[in-house]
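# Analysis of the macromolecular model
Each chain is listed here by its residues.
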Amino acid sequence: MKRIVIKVGSHILTEDGSIARERMMALVGLIADLKKHSYEVALVSSGAVAAGYTQLPLDRKKIANRQALAAIGQPLLLKMYQEKFAKFGLLCSQVLFSADVFESDKHVSHAKVAIDTLLANNVVPIINENDTVSIEELVFGDNDRLSAHVAHYFDADILVILSDIDALYDKDPNCHKDAKRRAVVNEIEEEELAAEHTPNNEFATGGIVTKLQAADFLMNHDREMFLASGFDLTDVRAFLIEGVHKGGTLFTPTTRS
Ligand SMILES: Nc1ncnc2c1ncn2[C@@H]1O[C@H](COP(=O)(O)OP(=O)(O)O)[C@@H](O)[C@H]1O
Ligand SMILES: N[C@@H](CCC(=O)OP(=O)(O)O)C(=O)O
């Protein structure tokens, strides 16, 4: 059985100031199908701050307000996921991490027991950063790097990032019409890892750089990452279910390709 971690960003989960229910439903449908194809699936979902903002539009630039919005939004997000997974007869669960968990072997092994037990019982773990308490040195700040840690420390075969962009390009395709897709990447340059963050949505925090940092972390640990569109799930379905790499970018260590 293959274990995968899927990460979905805030932009995919929000639309016109609300949670994008249809896209959430499509994602849950994909996970249900993957489970039928014998995958174990854990989901890293952003969207707590965005969900909180639908209820109380506080100024999101203030850290204290983001902490409060996450506290409001996280239970709402989970409630929506629970309703949608129930339509497929599946249970889901909430797991919240702060960055320091991954600095302690003891904490990682406790968390792994919980994740393994959920997966063994056919329950989908839905993971997010604990944004209410994760500030300063405790913070990842973006779920791209969090999901890479989850994939590595909990032994996933691959991390799949579903983004508002359908692949990695040689330059930002939202600014350059002639940008070319990079189908397979084996190595990431230092300067690409140090570039500025370029999120394409008011609730997103990462941009392409944190996705590259996630991929670099995984490739350095001999693991793979696949980046594809979260708006249209055709490419990720083809890749995971049919084994066909049409769109999207596969990051794979040189030793494997
Ligand atoms: N070389 C590149 N290839 C792909 N996307 C890029 C590139 N450079 C910058 N970007 C930007 O990064 C954005 C993806 O990051 P982000 O908005 O944080 O995604 P998400 O919320 O889905 O995690 C794209 O929409 C695009 O504008
Ligand atoms: N933990 C935050 C996630 C913010 C974030 O990383 O968003 P994104 O860059 O869209 O993955 C939340 O749930 O709102």
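One numbering rule holds for all chains: residues counted from 1, following each sequence as written. Each chain gets a letter, beginning with A, and each ligand a number, beginning with 1, in the order they are written. Only residues with pLDDT of 70 or above have their local features reported here, since the model is predicted, and side-chain atom pairs are shown and tallied only from 80 upward, although totals for entire chains, interfaces and linings are computed over all residues.

Take the packing of helix H6 (residues 143-153) against helix H8 (residues 208-220) next. Running from N to C, H6 and H8 cross one another at 20 degrees; their axes reach a closest spacing of 8 Å. Considering the angle they form, H6 stands roughly parallel to H8. Our pair here, H6 against H8, has a crossing hand that is right-handed. The residues of H8 that touch H6, namely those facing Asp144, Arg145, Ser147, Ala148, Ala151 and His152, are Thr210, Lys211, Gln213, Ala214, Phe217 and Leu218. Under the grouping applied here, Gly and all other residues not named as nonpolar or charged are polar, the nonpolar ones being Ala, Val, Leu, Ile, Met, Phe, Trp, Tyr, Cys and Pro and the charged ones Asp, Glu, Lys and Arg. Its residues placed into classes, the contact of H6 with H8 shows five nonpolar, four polar and three charged. Angular values range over 0 to 180 degrees, each being the angle between N-to-C directions of two axes fitted as lines to C-alpha atoms, with helices fitted over their stretch in contact. Secondary structure is summarised from DSSP: a helix means a run of H or I of at least four residues, a strand means a run of E of at least two, and numbering begins at the N terminus for each. Roughly parallel here means an angle under 35 degrees, roughly antiparallel means over 145, roughly perpendicular means 65 to 115, and every remaining angle is called oblique. Definitions for this section: a left-handed crossing has its near helix turned counterclockwise from the far helix by less than a right angle. A right-handed crossing has that turn clockwise. Residues are defined as contacting one another if the C-beta atoms placed from their backbone atoms lie within 7 Å.

Tracing the sequence through the fold places His149 in helix H6. Placed 59 residues apart in sequence, His149 and Leu90 show a C-alpha to C-alpha distance of 25 Å.

Along any regular strand, the residues point their side chains to alternate faces of the sheet. Using C-beta atoms placed from the backbone, we call a residue buried if 20 or more other C-beta atoms fall within 10 Å of its own, exposed if 12 or fewer do, and partly exposed for counts in between. Burial runs high along strand E1 (residues 2-8): five of the seven residues are buried. By the bridge criterion, seven bridges tie E1 to strand E4 (residues 39-45) in an arrangement that is parallel. The residue bridging Lys2 from the neighbouring strand is Tyr39, located in E4. Looking at chain direction, E1 and strand E7 (residues 158-163) are connected through five bridges and run parallel. Residue Val5 lies in a different strand from E7, and its bridge partner there is Leu159. What makes two strands pair is DSSP finding at least two bridges between them.

Further remarks concern helix H4 (residues 63-87). For H4, with 25 residues, the first-to-last C-alpha span of 36 Å sits near the 36 Å given by 1.5 Å per residue. Arg66, Leu69, Ala70, Gly73, Gln74, Leu77, Tyr81, Lys84 and Phe85 are the residues of H4 that are buried. Tucked into the core, H4 has its buried residues touching helix H2 (21-36), E4, helix H3 (48-53), strand E5 (92-97) and strand E6 (124-129). Positive backbone phi, at 70 degrees, marks Gly89, one or two positions downstream of H4. The length a helix should cover is 1.5 Å for every residue beyond the first.

A negative phi holds for most residues other than glycine; trans holds for most peptide bonds. Positive phi is not limited to glycine here, since Asp16 has a value of about 45 degrees. Residue position: Asp16 is located in the loop between strand E2 (14-15) and strand E3 (18-19). The phi dihedral of Ser38 is positive, around 65 degrees, even though this residue is not glycine. Considering the arrangement of structural elements, one finds Ser38 in the loop between H2 and E4. Classification of Ser38 by C-beta neighbours within 10 Å gives exposed; the count is 8.

Taken together, eight strands build an open sheet; the order of strands is E5-E6-E4-E1-E7-E11-E12-E10 and the sheet is mixed. The two strands at the open ends of the sheet, each matched to only one other strand, are E5 and strand E10 (184-185).

We now examine the UniProt feature "binding site: ATP" (unreviewed entry) in the protein. Annotation from UniProt places "binding site: ATP" (unreviewed entry) at Lys7, Ser163, Asp164, Thr205, Gly206, Gly207, Ile208, Val209, Thr210 and Lys211. Here Gly207 is to be found in the loop between helix H7 (190-193) and H8. For Gly207, a count of 21 C-beta atoms within 10 Å translates into the label buried. UniProt positions are given in the numbering used here, feature names are shortened, and annotations may be inferred rather than shown by experiment.

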